[in-house]
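# Secondary and tertiary structure notes
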Amino acid sequence: MLGEPGMRMYRYAAFLGAASLAILFGLMAAGYTLGNVSVVVALIVAAAVAEQASVRLTSSLDMEVSISGLPVLFAAVLYGPLAAMAVYAASMAGDFRNESPQPRLKWAVYTFTRAITGAVAGLVAVKASGLTSSSLGDVVVATVCAALASDSLDIGFNALTFALRGGKNVARVVRSLSSTAAASLPLNISVVALLSYGAEEVSIWILPVFFLPALAAQRLFVLYKEQTQLAEELSSVNARLEQANLSFATALVTTLDARDQYTAGHSAAVAIYAQDIAARMGLSETEQQLAHVAGLVHDIGKIGLPPGLLEKPGAYTLEERRAMERHSEIGERILAKVEDYSQIAAIVRHHHERFDGNGYPDGISGEEIPLISRIIAVADAYNAMTSDRPYREAMPTRVARLRLAQAVETQFDTSVVAAFEAILAGASESYRLGTRVDFQFDGQAQVLQPEAPVFTPDVLVARVAVRSISA
């Protein structure tokens, strides 16, 4: 059963068919002819080939464009309405389908609308010729008027078809098509006017000099659009993979949170601080995101600590401290088993190394320690000092900043501390304390959400024939 939009489209196609036949018979009765039949056939072939190489207007609109309107405009100026009607209607010949009613309906709608558009453009060209005192002037005026009439009808028919199909944003379609037509109109009028004048004054065989390069240019544009689309799809896939990585990291820290409520909030703050430090130090976007994810999971190894150790309210014994220090190695073993987490695993292993070589687990020093591990070490220590612990109250932020400065070149990398101090000096107290809204653990999963696509119409440097992809 057809719905209301489907019935509307069938009635619309029937009306367009009747109107096309009436216009055809009217033009023939008025004495209009095809002109040079061989040239018109060549223009039909050129229009049909161009239509088969049509390009999707944008990824967000169900519209395609082609340069099939160029031979139509030429036919309108050179031979009048009947030739333009035949060329534009026949440009849809390659789209005829027998598989189902929907493709046939699409073919009928766009064949009839193009037939009407071509006829009107040809009539306008005929009426506009003879308005100047020179043959070149007549050709230019006829081309301008025919192009404006053709573009206006193309836009109007496509907007109406879109609305009848149930489209919700007709104004957006009109804006997109209008901007494309406006951008291409000056060049196309110049090209078609010169070709038409050359065909009349020199030879009709001047046409291949233009149309073959034009078809080649459209093919190159098709290849460009395909490359652009592949790049956009790859970018989208990468964004989703990054989001999946972050979601996995969030799930790991949530598991740790089941044991120690403090750790989740601490990890969220360290992730923000580490990412901001990386940005301040001029690291790439990829490294900044790496710092963020590594900051989230830097304490994940605490899942493997003995029961009760994390929750102990007092100071640790020597044996307990040694057990606690194993959490970076445990974290590395956990993360190393996750695909694409090998770099993060290495960062987590070394985030408790000291710049002077007296850290753990490997006792490496200086630039042997991965840079992001050095960044996390500073962010981790600062947030630990400014947070309440079971065995002590939080330090004031100014005291924690002083402690970081006192530990440069021994515990911490001077350049990392300097970058963090520059951030803290201009930050709000809520940022310094890690209490700002975006430091909440639940908000971390939103960091890598891909932005909504932005609508940016592409403009073809050719007079375009536009149609919807689906009827």
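Residues numbered from 1 in each chain as written. Predicted model: local features only at pLDDT ≥ 70, side-chain atom pairs only at ≥ 80, totals over all residues. Heavy atoms only, no water.

When you go through the protein chain residue by residue, the secondary structure sums to 17 helices and 3 strands. Within the protein chain, the proportion of its 471 residues that are buried is 47%. Considering only contacts within the protein chain whose residues lie at least 6 apart along the sequence, 73% involve residues at least 24 apart. (Helix = DSSP H or I, 4+ residues; strand = E, 2+ residues; numbered from the N terminus. Buried < 20%, exposed > 50% of the residue type's maximum accessible area, 1.4 Å probe, protein only. Contact = heavy atoms within 4.5 Å.)

This paragraph deals with the pattern of salt bridges. Under the definition given, this model contains 7 salt bridges. Between E332 and R349 there is a salt bridge, with its nearest N and O atoms 2.7 Å apart. In this pair, E332 sits in helix α12 (residues 327–336) while R349 sits in helix α13 (residues 342–349), placing the two residues 17 residues apart along the sequence. A salt bridge links R354 to D356, with the shortest nitrogen-to-oxygen separation between them at 3.1 Å. One salt-bridge network, in which partners are shared between bridges, spans E332, R349 and D362. (Salt bridge = Lys/Arg side-chain N within 4 Å of Asp/Glu carboxyl O.)

It is worth spelling out helix α4 (residues 81–90) at this point. Counting buried positions over the 10 residues of α4 gives 8, a clear majority of the element. Every buried residue of α4 is accounted for by P81, L82, A83, A84, M85, V87, Y88 and A89.

Turning next to the environment of G434. Its location among the elements puts G434 in the loop between α17 (429–433) and β3 (465–468). In this structure G434 comes out as buried when scored by relative accessible area, which is 17%. Note: C-alpha distance between G434 and H266 (168 residues apart in sequence) is 8.6 Å. Excluding its chain neighbours within four sequence positions, the residues that come into contact with G434 are Y273 and F439.

Now for the environment of M28. By the element assignment, M28 lies in helix α1 (residues 4–29). By relative accessible area, M28 is classed as partly exposed at 48%. As a C-alpha pair, M28 and P81 span 53 residues in sequence and 9.9 Å in three-dimensional space.

Moving on, we come to the side chain of S20. Within the secondary structure layout, S20 lies in helix α1. Classification of S20 by relative accessible area gives buried; the value is 6%. A polar contact is formed between the side chain of S20 and the backbone oxygen of F112, at a distance of 3.3 Å. (Polar contact = N/O pair within 3.5 Å; in protein donor to acceptor, adjacent residues only side chain to side chain.)

Note that Y88 resides in helix α4. Sequence separation between Y88 and A115 is 27 residues; the distance between their C-alpha atoms is 5.8 Å.

Empty pockets left among the atoms are what a rolling probe the size of a water molecule brings to light. This model, assessed by the stated rule, comprises 4 cavities of 30 Å³ or more. Its boundaries defined by the atoms lining it, the largest cavity holds a volume of some 60 Å³. Around the largest cavity sit H350, H351, E353, R354, F355, I369, S373, R374, A377, Q411, F412 and D413, which together line it. Split by residue class, the lining of the largest cavity holds 4 nonpolar, 4 polar and 4 charged. (1 Å grid on protein atoms, 1.4 Å probe; cavity = no way out; pocket = protein on both sides within 12 Å on 5 of 7 lines; lining within 4 Å. Points joined across faces, edges and corners; volume = space filled by probe spheres on them. Nonpolar A, V, L, I, M, F, W, Y, C, P; charged D, E, K, R; others polar.)

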